[in-house]
Amino acid sequence: MDAVEYILGKHREMEQLLDQLEQAEDPGRRTELLRDLTVELARHMAVEERVLFPAVRAELCDVDPETFGDDVLENLEEHHVLKTILDELHDMDPDDERFPAKAEVLAETVEHHHEEEEEGVLAGIREHWDDARRAGIGRQLQEAEATAPTRAHPNLPDEGRLVEASQRFAAAIDKARDAVRDAADTLRP
Ligand SMILES: [Fe+2]
Ligand SMILES: [Fe+2]
């Protein structure tokens, strides 16, 4: 699948989940939506960091240093902020009076981030990569999802040689923690 179409689809899906989370009043529903959103957002940021950003920086930075250098660095900083908010929400009681405000700030930050990515890197690769290259990257993004973390890890490396190994390691731990949590949920009266 074309990398741009794939990412745009993910952005719209996450925005829908955020809308639902902002509107949800029932604490059980909030928890459920936050879990879904955490998986989607954590995985999406991880595959962009592992596949998309290194590829554009290596192949296109000379062509357009602002879009594929500066903008990508800004995207990484926004990922870091998003992971931090997501991590805090995850540990918060959904009944906490600060939960809705934090969810709103998350939604605003996600919207801003998507706008920046879509007007920057995604518009840029539409211009500079042909269909075959975009399809190749789209495939790699989808494949990387299988071994991407499903929880937010603000302190995991987001660039450089250790990205893939640390994501795979975190993903295995997340999978185990999610399984334990789900098992505990089924035992709860
Ligand atoms: Fe994205
Ligand atoms: Fe992103």
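Numbers given to residues run from 1 along each chain, matching the order in which its sequence is written. To read the labels, note that chains go from A and ligands from 1, taken in the order they are written. Residue-level local features of this predicted model are given only where pLDDT is at least 70; pairs of side-chain atoms are given and counted only at 80 or more, and the full residue set underlies all totals for whole chains, interfaces and linings.

Turning our eyes to something else, we now look at the overall build of the chain. A tally of helices and strands in the chain yields six helices and zero strands. Helix and strand assignments come from DSSP, with helices taken as H or I runs of at least 4 residues and strands as E runs of at least 2, each series counted from the N terminus. Helices and strands appear in the chain in the N-to-C order α-α-α-α-α-α. The size measure is the radius of gyration over C-alpha atoms, and the globule rule it meets is 2.2 Å times the number of residues to the 0.38 power. Scaling as 2.2 N^0.38, a compact globule of 189 residues should have a C-alpha radius of gyration of about 16 Å, and the chain matches this with 17 Å. Projected onto its principal axes, the C-alpha coordinates of the chain cover approximately 60 × 30 × 25 Å. Within the chain, the proportion of its 189 residues that are buried is 31%. Considering only intrachain contacts with a sequence separation of at least 6, the fraction spanning at least 24 residues in the chain is 72%. For the exposure call, what matters is how many other C-beta atoms sit within 10 Å of a residue's own: 20 or more marks it buried, 12 or fewer exposed, and in between partly exposed, using C-beta atoms placed from the backbone. With C-beta atoms placed from the backbone, a contact is any residue pair whose C-beta atoms sit within 7 Å.

What follows covers the nonpolar core. By size, the foremost hydrophobic cluster in this structure holds 36 residues, and its most contacted members are Leu-52, Val-56 and Leu-141. Put simply, the parts of the chain that give this core at least two residues each are helix H1 (3-23), helix H2 (27-60), helix H3 (65-90), helix H4 (99-128), helix H5 (131-145) and helix H6 (163-187). Sort the elements by how many residues they give to this core and H2 lands first, with 13 residues. Among residues more than four places away in sequence, those in contact with Val-56 are Phe-68, Val-72, Val-121 and Ile-125. We define the nonpolar core as any set of buried residues of the types Ala, Val, Leu, Ile, Met, Phe, Trp, Tyr and Cys, connected via C-beta atoms lying within 7 Å of each other.

Bringing the environment of Asp-96 into the picture now. Mapping Asp-96 onto the fold places it in the loop between H3 and H4. Linking Asp-96 and Pro-27, residues 69 residues apart in sequence, is a C-alpha distance of 9.4 Å.

It is the contact of H2 with H5, at a shortest axis distance of 9 Å, that shows an interaxial angle of 140°. With respect to each other, H2 and H5 are oriented oblique. Relative to H5, the crossing made by H2 is right-handed. Here H2 contributes Arg-43, Val-47, Arg-50, Val-51, Leu-52 and Ala-55 to the contact with H5, which in turn contributes Ile-137, Gln-140, Leu-141, Ala-144 and Glu-145. The residue makeup of the contact of H2 with H5, split by class, is seven nonpolar, one polar and three charged. Geometry is summarised by axes, namely lines fitted to C-alpha atoms with helices restricted to the contacting stretch, and by angles between N-to-C directions that run from 0 to 180 degrees. Note on angle classes: values under 35 degrees are labelled roughly parallel, values over 145 roughly antiparallel, values of 65 to 115 roughly perpendicular, and the remainder oblique. Take the far helix as the reference: if the near one is turned anticlockwise from it by less than a right angle, the crossing is left-handed, and if turned clockwise, right-handed. Residue polarity follows a fixed list, in which Ala, Val, Leu, Ile, Met, Phe, Trp, Tyr, Cys and Pro are nonpolar, Asp, Glu, Lys and Arg are charged, and the others, Gly among them, are polar.

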